[in-house]
Amino acid sequence: MTADAELPAKDGGGVRRARYAVAAVFCAHGAVTGSFATRVPWIQEHAQISAGQLGLALAFPAVGAALAMPLAGSVSHRFGSRAALRGLVALWTLALALPSLAPDLLTLCLALFVFGASAGMSDVTMNALGVEVENRIGRSVMSSLHGMWSVGALLGSAAGTVAAHLHVDARLHHAGAALVLTAIAVTVCQGVPDVRSEPDETPPPRFALPPRSALLIGAVGFCAVFAEGAAMDWSGVYLRDVLGGSPGVAAASTTAFALTMAVARLSGDRIVDRFGAVGTVRVGGTLATVGGLLVVTATGTVTALAGFGLIGLGVAVVVPLAFAAAARSGPRPAQAIAGVATITYTSGLIAPSAIGGVADLSSLVASFGLVTVLAFGLVVGAGVLGTRPKTAAGGSPATPAAADAPRP
């Protein structure tokens, strides 16, 4: 692989600009998710579907992502990382307009299939570029990049909360947001690294199973992203249907969740450097478990909002740490990262449908009981993120940012 001359090996002005550009892409990507999540109750009512049918519809992004994500590497190989990201993130931002247009279950499923496919490919591409920038800087930046995704989700959900309070039609809200976010994303992509394949380099396989070394790491990421996806998409419905909250309060739950995620991720690099990946995830898993218990035992909206906030705080840094652990888990970092990304991202897209299925069979309270159990899985499984960094020639760590050991 070759990279453009703008990115020196050390942290010069070029690599800093590239970091800011990738961060802006993460932010725009998150804004789409936040914008969508706050209007899920509106979309459910507009399509006139039950909680179980909504859960079924929310499985289709997982199907679309699972089928499309393996193609992201081939797209980057053919067009270069910059052009690939520009096209894929534009597809994602424009796809925001589709779900709110769906008048029934069938069209909603089709819209969410496209929504998930574009989300998955753009997500894999921007995370690969994030790892590239982190390697060139030589210190941890992935948590803060994911923090910018959460900032975007916060901004998108805040706008959605305002729109819900004002009873703005979600079709108008999402169409306007899609146009604005597309313009922003396409513009900032000009500053991301342009990594290109060598002319004689063998194209990556369209689909490859993750190596064994990545499976346990992916399982920890699965638990975290399941909790994140469930809270992001179902917290509003939970507050409305279980606790009788108003539409504005229901939408505000997504904003509270996104806020705690953003704060934790933006400060995550320093916390991980101080306490190590394993200790950070164990404490986070404990917080998320407590948050889940607050949600399932809540008798009022304030307690539930606090619970959703703790879930967000607890799972915030797990995915960036899972990618970092994958990169040093075996001889093929790119394949391991892609495998973990597929497992974790698919988890987030499966979670909403699983929550709906359990709710249909039992209740939303039981659904978030499942979330609580998976949050505790972070406490149990955190040790797999302590994989030691690979060493380069001469015995020094190949990627300084990847080391797990706490720093004094």
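The preceding data block contains the structure.
Residues numbered from 1 in each chain as written. Predicted model: local features only at pLDDT ≥ 70, side-chain atom pairs only at ≥ 80, totals over all residues. Heavy atoms only, no water.

## Some details on the environment of A47
Working step 1: Its location among the elements puts A47 in helix α2 (residues 40-47).
Working step 2: Between the alpha carbons of A47 and P103 there is a distance of 4.8 Å; along the sequence they are 56 residues apart.
Working step 3: Apart from the residues lying within four places of it in its own chain, the contact partners of A47 are A102, P103 and D104. (Helix = DSSP H or I, 4+ residues; strand = E, 2+ residues; numbered from the N terminus. Contact = heavy atoms within 4.5 Å.)

## Details of unusual backbone geometry
Working step 1: The backbone of Q48 shows a phi angle near 55°, a positive value even though the residue is not glycine.
Working step 2: At H167, a residue that is not glycine, the phi angle is positive and equals roughly 60°.
Working step 3: Inspection of the secondary structure puts H167 in the loop between α8 (142-165) and α9 (170-188).

## Here's the deal with the packing of helix α4 (residues 60-68) against helix α7 (residues 105-137)
Working step 1: Relative orientation of the contacting elements α4 and α7 amounts to 40°, with a least axis distance of 6 Å. Between α4 and α7, the crossing angle belongs to the class labelled oblique. Handedness of the α4/α7 crossing: right-handed. Residues F60, P61, V63, G64, A65, L67 and A68 of α4 touch α7, and the partners they reach there are C109, L112, F113, G116, A117, G120 and M121. (Axes fitted to C-alpha atoms, helices over the stretch in contact; angles between N-to-C directions. Parallel < 35°, antiparallel > 145°, perpendicular 65-115°, else oblique. Left-handed = near helix turned anticlockwise from the far one by under 90°.)

## Thoughts on the nonpolar core
Working step 1: The biggest cluster of nonpolar side chains holds 112 residues, and the ones touching the most others in it are F308 and F368.
Working step 2: Ranked by residue count, the leading element in this core is helix α10 (residues 212-241), at 15 residues.
Working step 3: Excluding its chain neighbours within four sequence positions, the residues that come into contact with F368 are A230, A231, W234, Y238, V295, V296, F308 and I355. (Core = buried A, V, L, I, M, F, W, Y, C linked by side-chain atoms within 4.5 Å. Buried < 20%, exposed > 50% of the residue type's maximum accessible area, 1.4 Å probe, protein only.)

## Brief notes about a nonpolar patch on the surface
Working step 1: Taken together, the side chains of V63, L67, L98, L101, F113 and V114 define a hydrophobic patch exposed on the protein surface, amounting to about 490 Å² of accessible area.
Working step 2: When contributions to the nonpolar patch are tallied by element, the ones reaching two or more residues are α4 and α7.
Working step 3: For F113, the location among the structural elements is in helix α7. (Patch = residues over 30% accessible without salt bridge, like charges linked within 9 Å, V, L, I, M, F, W, Y side chains within 5 Å. Areas by Shrake-Rupley, 256 points an atom, 1.4 Å probe, with all protein chains shown as cover. Salt bridge = Lys/Arg side-chain N within 4 Å of Asp/Glu carboxyl O.)

## Side note on helix α12 (residues 268-275)
Working step 1: Within the span of α12, buried status applies to G268, D269 and V272. Here the buried residues of α12 occupy an arc of 100° about the axis, which is enough to place them on one side. Exposed side chains of α12 directed beyond 90 degrees from the buried face belong to R270 and F275.
Working step 2: Once α12 finishes, G276 follows within two positions and takes phi at roughly 85°, a positive value. (Arc of directions from axis to C-beta.)

## Points about the packing of aromatic side chains
Working step 1: Within the structure shown, the criterion is met by 6 aromatic pairs.
Working step 2: Summarising the aromatic geometry, the rings of F36 and F115 are spaced 5.0 Å apart at their centres and angled 45° between planes, so their arrangement reads as tilted. Residue F36 is located in helix α1 (residues 13-38), and its partner F115 is located in helix α7; the two are separated by 79 residues in the primary sequence. We note that F36, like F115, is buried.
Working step 3: Ring pairs connect the aromatic residues F36, W92 and F115, which therefore count as one cluster.
Working step 4: The ring of F275 carries the charged tip of R274 above its face, separated from the ring centre by 5.3 Å. (Phe/Tyr/Trp six-rings, centres within 6.5 Å; stacked < 30°, edge-to-face > 60°. Lys NZ or Arg CZ within 6 Å of the ring centre and 35° of its normal.)

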